[in-house]
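Letter by letter, the chains look like this.
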Amino acid sequence: MQLRLEHVTKRFRETVAVADVSVTMENGVYGLLGVNGAGKTTLMRMLCTLAVPTEGRITCDGEDIFEMDMRYRKILGYLPQDFGFYPDLCAEDYLMYVASIKGLRPAAAKKRVEELLHRVGLYSVRRRKMKKLSGGMKRRAGIAQAMLNDPKILVLDEPTAGLDPNERVRFRNLISELSQERIVLLSTHIVSDVSYIAKRLFLMKDGRIVHQGSMEEILEHTPVRAWLCTVSKERTNACLKKWKVANIRAGSGGNELRVLSDLPPMEGAAEAELTLEDVFLYYFGEKAGDDDALL
Amino acid sequence: MLYYEFRKILSKTGNRIALLALLVLLGVTCYFAVNGYGTSYTDEQGVSRQGISYVRKLREARLAWEGPLTEEKLAAVIRKHAAVIAAPEYNSRDVTEQNIAYSWTQDYQDIRQMICRAFGEFRSYDYYKIDSLSPEDAADFYPNRIRALRTWLDTEAKDMYTEEEKDFLLERYEQLETPFYYTWYLGWDKLFEYGPTIQMIFVLVMGFVTAGIFAGEFSNRADAVFFTSYHGRKKAVTAKLWAGVLLSAALYWTVWGLYSVTVLGALGADGASCQIQVHVGWKSFYNITYGQLYLLMSFGGFLGSMFLLLLNMLVSAWTRSAVIAVTAPFIMIFLPSFLSNLSVPWLSKLLGLLPDQLLQMQTSVNYFNLYRIGGRIMGEVEPLFALYGALSLLLLPTVCALYRRAGRG
Ligand SMILES: Nc1ncnc2c1ncn2[C@@H]1O[C@H](COP(=O)(O)OP(=O)(O)OP(=O)(O)O)[C@@H](O)[C@H]1O
Ligand SMILES: [Mg+2]
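Rules and cut-offs
Residues numbered from 1 in each chain as written. Chains lettered and ligands numbered in written order. Predicted model: local features only at pLDDT ≥ 70, side-chain atom pairs only at ≥ 80, totals over all residues. Heavy atoms only, no water. Helix = DSSP H or I, 4+ residues; strand = E, 2+ residues; numbered from the N terminus. Buried < 20%, exposed > 50% of the residue type's maximum accessible area, 1.4 Å probe, protein only. Contact = heavy atoms within 4.5 Å. Areas by Shrake-Rupley, 256 points an atom, 1.4 Å probe, with all protein chains shown as cover. Lys, Arg positive; Asp, Glu negative; His and termini not counted. Charge placed at Lys NZ, Arg CZ, Asp CG, Glu CD. Near = heavy atom within 4 Å. Polar contact = N/O pair within 3.5 Å; in protein donor to acceptor, adjacent residues only side chain to side chain. Nonpolar A, V, L, I, M, F, W, Y, C, P; charged D, E, K, R; others polar. Expected span 1.5 Å × (residues − 1). Core = buried A, V, L, I, M, F, W, Y, C linked by side-chain atoms within 4.5 Å. Domains from an automatic or database assignment. Buried area = accessible area lost by both parts, 1.4 Å probe. Salt bridge = Lys/Arg side-chain N within 4 Å of Asp/Glu carboxyl O. Donors = N, O, S within 2.8 Å, 3.2 Å for Na, K, Ca; no water. Pairing = 2+ DSSP bridges. Axes fitted to C-alpha atoms, helices over the stretch in contact; angles between N-to-C directions.

Colleague: Looking at this structure, how should I read the overall build of chain B?
Modeller: For chain B, the helix and strand inventory stands at 17 helices and 6 strands. If one aligns the C-alpha atoms of chain B with their principal axes, the spans along those axes are about 85 × 50 × 35 Å. Within chain B, the fraction of its 409 residues that count as buried is 54%. A separation threshold of at least 6 residues defines the contact pool for chain B, and within that pool the share at least 24 residues apart is 74%. Per element, the accessible surface of chain B, about 18,000 Å² overall, is 62% carbon and sulfur. Averaging the locations of the 37 positively and 36 negatively charged side chains of chain B gives two centres separated by 16 Å.

Colleague: Hey, could you run me through the site of ligand 1 in this one?
Modeller: Residues and elements named next belong to chain A. Contacts to ligand 1 come from 13 residues, most closely from Gly37, Lys40, Thr41, Thr42 and Gln81. Contact between ligand 1 and Asn36: an oxygen atom at 3.0 Å from a side-chain N or O atom of the residue. Between Gly37 and ligand 1, the recorded distance is 2.8 Å, taken from a backbone N or O atom to an oxygen atom. Listed by contribution, the elements that provide at least two residues to the shell around ligand 1 are strand S2 (15-26) and helix H1 (40-47). The greatest single-element share of the shell around ligand 1, amounting to 3 residues, is contributed by H1. Split into classes, the residues belonging to the shell around ligand 1 amount to 4 nonpolar, 7 polar and 2 charged.

Colleague: How should helix H13 (residues 290-319) of chain B be read in this particular structure?
Modeller: Helical geometry: 3.6 residues make up each α-helical turn, so side chains three or four residues apart lie on a common side. Helix length check: H13 of chain B (30 residues) gives 42 Å between terminal C-alpha atoms against 44 Å at 1.5 Å per residue, within 8%. After H13 of chain B finishes, the residue Arg320 of chain B shows a positive phi value of roughly 65°.

Colleague: Honestly, the nonpolar core in this entry has me stumped. Any pointers?
Modeller: Note that soluble globular proteins tend to have their nonpolar side chains buried in a common cluster. Core analysis: the largest hydrophobic core is formed by 219 residues, its most contacted members being Leu3 and Met25 of chain A together with Ile115, Phe141 and Tyr259 of chain B. Among residues more than four places away in sequence, those in contact with Tyr259 of chain B are Leu26, Thr29, Cys30, Ala33, Lys190, Leu191, Tyr194, Gly195 and Ile198 of chain B. Core analysis: the second largest hydrophobic core is formed by 9 residues, Cys229, Val245, Leu257 and Val259 of chain A among them.

Colleague: Got a minute to help me understand the domain arrangement of chain B in this structure?
Modeller: Often, the extent of an interface is quoted as the loss of accessible area upon association of its parts. All names here are of chain B. For chain B, the assigned domains are domain 1 (2-35 + 184-406) and domain 2 (42-182). A C-alpha centroid distance of 35 Å is found between domain 1 and domain 2. Between domain 1 and domain 2, the residue contacts involve 25 residues of the former and 30 residues of the latter. Buried area between domain 1 and domain 2, summed over both chains or domains, comes out near 2,800 Å², and the portion from carbon and sulfur atoms is 63%. Its largest share of buried area at the contact with domain 2, domain 1 owes to Trp184, Trp282 and Phe368, together 30% of the area lost on that side. For the pair domain 1 and domain 2, the number of links is 2 salt bridges. The partner of Arg372 in a salt bridge is Glu164, and the shortest N-O contact between them spans 2.8 Å. Connecting domain 1 to domain 2 are 12 residue pairs in polar contact (both at pLDDT 80 or more). Elements supplying a minimum of two residues to the side of domain 1 that touches domain 2: helix H2 (13-35), helix H12 (235-267) and strand S6 (376-378).

Colleague: Help me out: how do you make sense of the pattern of salt bridges in this one?
Modeller: Oppositely charged side chains can form a pair if their charged atoms are brought close together. Tallying each qualifying case throughout the model produces 31 salt bridges over all chains. A salt bridge links Glu217 of chain A to Arg200 of chain A, with the shortest nitrogen-to-oxygen separation between them at 4.0 Å. Of the two residues, Glu217 of chain A sits in helix H9 (residues 215-221) while Arg200 of chain A sits in strand S9 (residues 200-205), which places them 17 residues apart along the sequence. A salt bridge links Arg225 of chain A to Glu271 of chain A, with the nearest nitrogen and oxygen atoms 3.2 Å apart. Taken as a pair, Arg225 of chain A in strand S11 (residues 225-231) and Glu271 of chain A in strand S14 (residues 270-272) lie far apart in primary sequence, 46 residues in all. The class of Glu271 of chain A is partly exposed, set by a relative accessible area of 44%. Members of the salt-bridge network, linked through shared partners, are Glu5, Lys8, Glu217 and Lys240 of chain B.

Colleague: What am I meant to see in the coordination of the magnesium ion (ligand 2) here?
Modeller: Working reference: metal with six octahedral donors, ideal angles 90 or 180 degrees; metal with four tetrahedral donors, ideal angle 109.5 degrees. All names here are of chain A. Each protein donor to the magnesium ion (ligand 2) is listed here as Thr41 (OG1) and Gln81 (OE1); together their distances run 1.8 to 2.1 Å. Highlighted residues: Thr41 in helix H1 and Gln81 in the loop between strand S6 (76-79) and helix H4 (91-101), separated in sequence by 40 residues. Overall, the relative accessible area of 32% leaves Gln81 in the partly exposed class.

Colleague: Which parts of the structure should I look at to understand the interface of chain A and chain B?
Modeller: With 34 residues of chain A at the contact, the number on the chain B side is 27 residues. Roughly 2,800 Å² is buried in total at the junction of chain A and chain B, and carbon and sulfur atoms are behind 58% of that figure. The interface formed by chain A and chain B holds 1 salt bridge in total. Residue Asp93 of chain A is joined to Arg7 of chain B by a salt bridge in which the shortest nitrogen-to-oxygen separation is 2.9 Å. At the junction of chain A and chain B, the tally comes to 13 residue pairs in polar contact (both at pLDDT 80 or more). Sorting the residues of the side of chain A that touches chain B by element identifies helix H3 (70-74), S6 and H4 of chain A as the ones contributing at least two each. With 7 residues, the single largest contributor to the side of chain A that touches chain B is H4 of chain A.

Colleague: Please clarify how the domain arrangement of chain A should be interpreted in this entry.
Modeller: According to the domain assignment, chain A contains domain 1 (3-220) and domain 2 (225-273). A straight line from the C-alpha centre of domain 1 of chain A to that of domain 2 of chain A covers 38 Å.

Colleague: Help me understand the sheet that holds strand S10 (residues 208-213) of chain A in this model?
Modeller: Strands belonging to one sheet form pairs held by backbone hydrogen bonds; the direction of such a pair is parallel or antiparallel. Residues and elements named next belong to chain A. Across the sheet, 6 strands lie side by side as S6-S7-S8-S3-S9-S10; this open sheet has mixed pairing. Single-partner strands in this sheet number two, and they are S6 and S10. If you compare each strand with its neighbour and ignore which way they point, the axes differ by 15° on average. In this structure, S6 lies alongside strand S7 (residues 153-157), joined through 4 bridges in parallel fashion. Following the sheet pairing, Leu76 is matched in S7 by Ile153. Lying over the sheet, H1 contacts strand S3 (28-34), S6, S7, strand S8 (183-188) and S9, oriented at roughly 155° with respect to S8. In the packing of helix H11 (residues 276-284) onto the sheet, the strands contacted are S3, S9 and S10, and the crossing angle to S9 comes to about 25°.

Colleague: Looking at this model, I keep getting lost on unusual backbone geometry. Mind explaining?
Modeller: One can expect most non-glycine residues to show negative phi and most peptide bonds to be in trans. A cis geometry characterises the amide bond from Thr178 of chain B onward to Pro179 of chain B, with omega recorded as -5°. Among the structural elements, Pro179 of chain B can be located in the loop between helix H9 (163-175) and strand S4 (181-182). Even without being glycine, His7 of chain A reaches a positive phi, approximately 50°. Relative to the assigned elements, His7 of chain A resides in strand S1 (residues 2-12). Residues other than glycine seldom take positive phi values, yet Glu158 of chain A does so here, at roughly 50°. With respect to the helices and strands, the residue Glu158 of chain A is situated in the loop between S7 and helix H7 (165-178). Given the relative accessible area of 7%, Glu158 of chain A is considered buried.

Listed below in structure tokens is the structure:
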């Protein structure tokens, strides 16, 4: 299975949400990283045939996905960023409904729904109304929904949004399990979500893929180095203005700053190993907005 | 797919409330139909009584006149009435005495009304007209109906119709078989009176339910999953439409059936073979029976409801907004009645063809709107059925096509 975007552009009046994106994906997990408004959702909606590219084309094994129509949707699973459902249906009925519109036969649907309910850990609450599930449970129902037709192309838009750290770990394991024999594209602005499981990362900024490759490749090719230096509390503010600081850790002898720079920012600075968070900060100019980098 | 579409609709709290409201309003309407004007019985003491057992009494009294409404029978009514108005009780100033006198007239009230119509002018009605008649006048009863029309066509309505149209109306009047057959018809009468109300309530309440079928995917933000599914742009859309159509149809016939059974059960179902000219359609140029009018009303209401609900679903699929969709039937039902106050001739002809007319067949058969279609002159009933039958069929694929398009930005 090969999914290919050729010079794909999407314009909304003045805004260019996706600009001239060309990428190719084969089986495996792909991570789409970018800050808010980078164009991740728009790109994914086009991949799911919900939006038509203004320019360029998207092909699946050489065939235009819009021309494939039903045949393409048959192998597609999608978890939208603002995943919605029918609040008064219970989880099981919800999945049974989606299974029916995905073309599963009733008997097969029943088996598959049961299997997925177990897999995402919702079996015990399957008769509970969707609106009464917790945020994390809803997300899991969303993932189960996307998996119903055993898709060859699985598109997950910020699947970890609103999940607690434990759920995140569970989710990551789930994705790893699911990633065999299919293309999984997942977007996030949380670096740690994808850094371990994605075989390839796309860094997206202002509608463009500014950098792509495996984590090692990206770390290798990012023209910056990370340094640890300790400064007194009084000097911290001045340093923050002067350098790109990825992290601050308060210590007894002053603050330890993690600085991104080509050259050592000051005497006594020790070089540290570059991480994906650093790269994110370097490309996007802001912190990779999360507090669970420890995961 | 269809099954879960139904479950989606019926699990929604708002929809459950709407259907409950429909049931309550059905009960209220039935209550008014069964206890409304004309269902009370005045006993020999001049006391007005209400209730099923008194309706039975009223029915027994009226059935004394059952049968063909011949000259002799009409003369007998005029004679009986003359005796009543000569009685001291009738002329008393005491209300109870007057009520006692009224109790003697209630057996022939239906026929009295017919007589008053027959001897009044075309567009007027005088409840006391019978007071001035003598038994010999009875011979003019049937000819008068035609004469009044002819006079009206020659004077007031002189420029409203072409000669051909005038001939058409007169011909229809002359074709009506006389004498009429008279029997107790109150059950049908009340059924027709409140029928439009219940049909209108049905459409407006049901509009809340159907409006959510298409727009709900968007308001629930479930549209992305829906449209990216295998059947999402074809069968799943059709299933939605069928869910709406089948649910509406099933509920329409349930509500209409319950209403009919209740009203006819309480007030009596006799009179199905009476000409509508006996009461609801004295002036109508549709020579049909109560039973036939009931069929017209049942199917007219059905077609009208389906059309308006399809329109509602169309707006819902198009605008993605249930709120806007809900207003569509409201506008279609209430705007015509608002415009009809303007009384502009060409406007009334247009209004005669609006879908709300299908929900009030008992007035449609009484309107004097004439249309010339394919060289034939006809009233509004035939074109209404043809027009909305065709439009409804056309709406089915249109709703689907619009909705399919709504899912792509
Ligand atoms: N339907 C639309 N009409 C107009 N502009 C749009 C539309 N959808 C997206 N945009 C614009 O396109 C740009 C990219 O938006 P998009 O939602 O794809 O970003 P994103 O990377 O998914 O952001 P986030 O991390 O917040 O989800 C934004 O500037 C947004 O305002
Ligand atoms: Mg997004």
